[in-house]
Amino acid sequence: MVESVPTVKTVLDLRSQVSAWRNQGHKIALVPTMGALHEGHLSLVDVALSSADRVIVSIFINPTQFAPHEDFDNYPRNYQADAALLQQRGAHLIYTPAAGDMYAENDATRVTVDSLSDSLCGISRPHFFTGVATIVCKLLLQALPDLAVFGEKDYQQLMVIRAMVGDLFIPTQILAGEIVREKDGLAMSSRNAYLSSSQRSAAPLLVQTLQRIAEEIIQKEDIPAVLAAAKGRLAKQGFEVDYIEVRRASTLQPVIDKVNAGEVLRIFGAVLLGTTRLIDNLEVIYPNS
Ligand code: AMP
């Protein structure tokens, strides 16, 4: 029988395993997730394994990053399948804290990263990045890993976490994993499971739209006009557009002034397909004249 990945549920047990590994000289990585694992999450485990000796995967559906009307109650939960995937992938420890331990009754502290949290997803989900920054801060302080890995799928989240770790002097290196996609281009997401079969067939239009925007930017077409046309095409196919925007990749600042040749931009999209919210993003390098 294949041995299963050990699972700890309390910060005490987590820390005792981490300090045992530290005493053995191991470099430790943390991959925070909300479970319902797919190849995107597992690719982050690969990144972690390539840079550390021991990899902890946390599975915690964080209530503070969901608004009351969002899908916290229905969020997919499948510990057995997750544990089997993590076993196959070579993770060393699963951490599944209880909500009551992460947020004790008298819990009163929140971590907010100003400015970066205010645009894009922060507009329609104003609670979201404070919830994310708070839980990631707690997880990093609990495990004190040498490094932690996050996906570019949630690029704004990655930027918020990098800023938080820098501002709070948390001694953890943040690594990024590229977006893992289905064969038809749709970015993998635990929320893709909510899509009906016709919505699933339509969903790759989001990434196709971002790709077309990238091509048009490379052709130096007028960016506001390109974005307006892209939103129109999505709306026509039944997508409710939250935002389609182009930002400077290193700052998330809008592209309103001159773009320099070679500058790295990022195209961001968020749409609702029925009640399912999909997000995606794509890098584009502004061309020479
Ligand atoms: P989640 O479980 O959705 O909170 O995601 C946990 C981590 O997996 C985050 O760092 C995400 O950015 C990352 N992730 C989710 N989907 C993908 C994907 N398709 N490719 C790469 N990373 C992903």
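Presented here is an overview of the structure given in this document. (Residues numbered from 1 in each chain as written. Predicted model: local features only at pLDDT ≥ 70, side-chain atom pairs only at ≥ 80, totals over all residues. Heavy atoms only, no water.)

Thoughts on the site of the ligand
Thinking step 1. Taken together, 17 residues sit near the ligand, with H41, G151, D154, V180 and M188 positioned nearest.
Thinking step 2. Residue M34 places a main-chain N or O atom 2.9 Å away from an oxygen atom belonging to the ligand.
Thinking step 3. The side chain of H41 places a nitrogen or oxygen atom 2.9 Å from an oxygen atom of the ligand.
Thinking step 4. Here the ligand, which alone exposes 490 Å², has 91% of that area covered by the protein.
Thinking step 5. Secondary-structure elements contributing two or more residues to the shell around the ligand are β2 (28-33), α2 (39-51) and β5 (147-151).
Thinking step 6. A per-element tally of the shell around the ligand places α2 first, with three residues.
Thinking step 7. Along the lines of polarity and charge, the residues of the shell around the ligand split into eight nonpolar, six polar and three charged. (Near = heavy atom within 4 Å. Polar contact = N/O pair within 3.5 Å; in protein donor to acceptor, adjacent residues only side chain to side chain. Areas by Shrake-Rupley, 256 points an atom, 1.4 Å probe, with all protein chains shown as cover. Helix = DSSP H or I, 4+ residues; strand = E, 2+ residues; numbered from the N terminus. Nonpolar A, V, L, I, M, F, W, Y, C, P; charged D, E, K, R; others polar.)

Things to note about the sheet that holds strand β4 (residues 93-95)
Thinking step 1. Taken in spatial order, the six strands line up as β1-β4-β3-β2-β5-β6 in an open sheet, and their pairing is parallel. The sheet is open, and its two borders are formed by β1 (7-8) and β6 (173-177), each paired with just one other strand.
Thinking step 2. Relative to β6, β5 is paired through five bridges, and the arrangement is parallel. The residue of β6 that forms the bridge with V149 is L175.
Thinking step 3. Packed onto the sheet, α2 meets β2, β3 (54-59), β5 and β6 and runs at close to 150° relative to β5. (Pairing = 2+ DSSP bridges. Contact = heavy atoms within 4.5 Å. Axes fitted to C-alpha atoms, helices over the stretch in contact; angles between N-to-C directions.)

Section: the nonpolar core
Thinking step 1. Formed by 45 residues in total, the largest nonpolar core has its most connected members in L14, I56, V136, L140, I161 and M164.
Thinking step 2. Elements that contribute at least two residues to this core include exactly α1 (11-23), β2, β4, α6 (128-143), β5, α7 (155-167) and β8 (264-273).
Thinking step 3. With ten residues, the single largest contributor to this core is α6.
Thinking step 4. For L140, the residues in contact, after removing those within four places along its chain, are L30, P145, A148, M164, V165, I170 and T172.
Thinking step 5. In terms of nonpolar packing, the next biggest core, distinct from the first, is built from 26 residues, I217, L234, V246 and L278 among them. (Core = buried A, V, L, I, M, F, W, Y, C linked by side-chain atoms within 4.5 Å. Buried < 20%, exposed > 50% of the residue type's maximum accessible area, 1.4 Å probe, protein only.)

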